[in-house]
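Architecture at a glance
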Amino acid sequence: MSAVFDPQTFVARQGIYGMGGELRPSELFWRKHCQYLKDHGYTLRPRYQPNWRPSWLDNSRDWTICEDGLAVSGMLMDATRADGTLVMLKAIDPIRSPDEIPVGKLLSSEHLVSPRNHCVPHLEVLEPPEGSEKAFIVMPLLVRMEALPFKTVGEAVDFFCQIFEGLEFMHEHNIAHEDCKYNNIMADAHSLFDVPPHPFARYMKRDFSGKASPVASPTSKPIKYYLIDFDLSKEYPSGVPRLEEPPWGGDRTVPEHLLPDAPPCNPFPVDVYCLGNVVREHFLDGCNFAKAKKGFDFMRELIGDMTNPDPQNRPQMSEANSRLKAIVGGLSDWKLRSPIVEIGQRVKVTKLVRHWTIQLIRKVRGVPAIPKL
């Protein structure tokens, strides 16, 4: 017989988490708004339903390996739309973040529809319900970059081209991103998986039935990369000063922000620096979160200019993207099909043989070395 269970009291004390799968206090926000979201066509996972009964109470599984045992902190939550589409919800305070919704609406508007637009679309905005200060932005459910290791130089080049193009597009329309870092880039990559990865446990399948891993590559199934998170983004109409008080954003290495008594600075060259730093840290030099990779020296001069300590000497994004296109145009097909190998990594001969066998087959079949959407 099932044990008596009261979901209203199954809540961890503030600061004490992970003791038995209880809801965290911060998760109560989502349970509180569950019905409101459902009334607007968005269903949250079982954990956030008012009548939730943990699955592990009725079987022998440990709560730590159950999908509904996974706690989520923060103002992001996945949901299922009434038509079955998986989406991501972001709860924001429009008063504290006055630019995020207007900028998102502008970038998602009909007159900015373009293949060059790589800004995550805002599918809908739900106004704050009565008694709440939070509005909800509805976006496509995307996949984190960490779940998508690049296999070839060409796949990485496609990533560079798309993101350079996307930031150039924003700047063309007088919008600065102002937080252009690696974890603010995601991909519409569910086509690469047989079962979608869990949005908050990226190495697990959505239903926790096993590990999630791609069954296809971006070369065989091209994907689109998106810039996300417009919390700090701002539109600067003609004639409006392009100056902001530093620091801002997640990149703590921006030279303008590190000056003693740093004066207001232009966010557009900061964007250029931050995007260049993404490539520098994750491909050229490595960082705490990623190892340097072989074979990307062709990017070094451009990235060096984009990360120049003097913002006056950095290229604008239009120039940076134009230079990138010229660089890519000079790369050979074999270079683009080369495997990505971390510096210091030893690769088995059998793995290299398998890689080049796949690449030869793709070349014979006419599959482009740089994925094309």
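Attention in this report is confined to the structure presented alongside it. (Residues numbered from 1 in each chain as written. Predicted model: local features only at pLDDT ≥ 70, side-chain atom pairs only at ≥ 80, totals over all residues. Heavy atoms only, no water.)

1. Things to note about the overall build of the protein chain
On a plain count of helices and strands, the protein chain comes out with nine helices and twelve strands. For a compact globule of 373 residues, the expected C-alpha radius of gyration is about 21 Å, and the protein chain comes in at 23 Å, within 12% of that figure. For the protein chain, the spread of C-alpha atoms along the principal axes amounts to about 70 × 60 × 40 Å. Per-residue burial over the protein chain gives 49% buried out of 373 residues. (Helix = DSSP H or I, 4+ residues; strand = E, 2+ residues; numbered from the N terminus. Rg over C-alpha atoms; globule rule 2.2 N^0.38 Å. Buried < 20%, exposed > 50% of the residue type's maximum accessible area, 1.4 Å probe, protein only.)

2. Structural notes on the sheet that holds strand β8 (residues 185-188)
Here three strands make up an open sheet; going across it, the order is β6-β8-β11 and the pairing antiparallel. The sheet is open, and its two edges are formed by β6 (143-144) and β11 (224-227), each paired on a single side. Relative to β11, β8 runs antiparallel, the two sharing four bridges. Note on β11: the bridge partner recorded for aspartate 188 is lysine 224. Each of β8 and β11 is contacted by helix α4 (residues 153-172), which is oriented at about 40° to β11, the strand it contacts most. (Pairing = 2+ DSSP bridges. Contact = heavy atoms within 4.5 Å. Axes fitted to C-alpha atoms, helices over the stretch in contact; angles between N-to-C directions.)

3. A look at the packing of α4 against helix α7 (residues 317-329)
For the pair α4 and α7, the least separation of the axes is 9 Å and the interaxial angle reads 155°. As judged from the angle between their axes, α4 and α7 are roughly antiparallel. The chirality of how α4 crosses α7 is left-handed. Of the residues in α7, those in contact with Val157, Phe160, Cys161, Phe164, Glu165, Leu167, Glu168 and His171 of α4 are Met317, Ser318, Ala320, Asn321, Leu324 and Val328. A per-class count over the contact of α4 with α7 returns nine nonpolar, three polar and two charged. (Parallel < 35°, antiparallel > 145°, perpendicular 65-115°, else oblique. Left-handed = near helix turned anticlockwise from the far one by under 90°. Nonpolar A, V, L, I, M, F, W, Y, C, P; charged D, E, K, R; others polar.)

4. Overview of the nonpolar core
Counting 72 residues, the largest nonpolar core has Phe159, Phe160, Phe164, Phe296, Met299 and Met306 as its most contacted members. Excluding residues that lie within four positions of it along the chain, phenylalanine 159 makes contacts with Met145, Phe150, Tyr182, Ile185, Tyr225 and Phe283. Counting 23 residues, the second-largest nonpolar core is a separate cluster that includes Phe5, Tyr48, Cys66 and Ala91. (Core = buried A, V, L, I, M, F, W, Y, C linked by side-chain atoms within 4.5 Å.)

5. Overview of the sheet that holds strand β4 (residues 124-126)
Taken in spatial order, the five strands of this open sheet run β1-β2-β3-β5-β4, and their pairing is antiparallel. One side of each edge strand has no neighbouring strand; the edge strands of this open sheet are β1 (42-43) and β4. Sheet analysis places β1 next to strand β2 (residues 76-81), joined by two bridges and oriented antiparallel. Counted as the bridge partner of threonine 43 is threonine 80 from β2.

6. Considering the pattern of salt bridges
Taken as a whole, this structure holds 19 salt bridges when the rule is applied. Among the salt bridges present, the one from glutamate 172 reaches arginine 116, with a minimum N-O distance of 2.8 Å. Remark: arginine 116 occurs in the loop between α3 (100-107) and β4 and glutamate 172 occurs in helix α4; sequence separation between them is 56 residues. With relative accessibility at 43%, the residue glutamate 172 sits in the partly exposed group. A residue is classified by how much of its surface remains accessible, and arginine 116, at 25% relative accessible area, is partly exposed. Between aspartate 305 and arginine 323 there is a salt bridge; the shortest N-O distance is 2.9 Å. Taken as a pair, aspartate 305 in helix α6 (residues 300-306) and arginine 323 in helix α7 lie far apart in primary sequence, 18 residues in all. A residue is classified by how much of its surface remains accessible, and aspartate 305, at 25% relative accessible area, is partly exposed. Each of Arg45, Glu67, Asp78 and Arg206 takes part in salt bridges that share partners, so that together they form one network. (Salt bridge = Lys/Arg side-chain N within 4 Å of Asp/Glu carboxyl O.)

7. Some details on the pairing of strand β5 (residues 135-140)
Of all the six residues making up β5, five are buried; the element is thus mostly covered by neighbouring parts of the structure. Across six bridges, the pairing between strand β3 (residues 86-92) and β5 is antiparallel. Residue pairing across strands places valine 87 opposite proline 140, the latter belonging to β5. In this structure, β4 lies alongside β5, joined through three bridges in antiparallel fashion. Directly across from valine 125, in β5, lies its bridge partner isoleucine 137.

8. Considerations on the side chain of arginine 314
With respect to the helices and strands, the residue arginine 314 is situated in the loop between α6 and α7. In terms of polar contacts, arginine 314 uses its side chain to reach the side chain of glutamate 256, at 2.7 Å. Polar contacts involving the side chain of arginine 314 include one to the main-chain carbonyl oxygen of proline 269, which spans 3.0 Å. In this view, arginine 314 contacts Pro255, Glu256, Pro269, Val270, Val272, Tyr273, Asp305, Met306, Thr307, Asn308 and Pro309; residues no more than four positions away in its chain are not counted. (Polar contact = N/O pair within 3.5 Å; in protein donor to acceptor, adjacent residues only side chain to side chain.)

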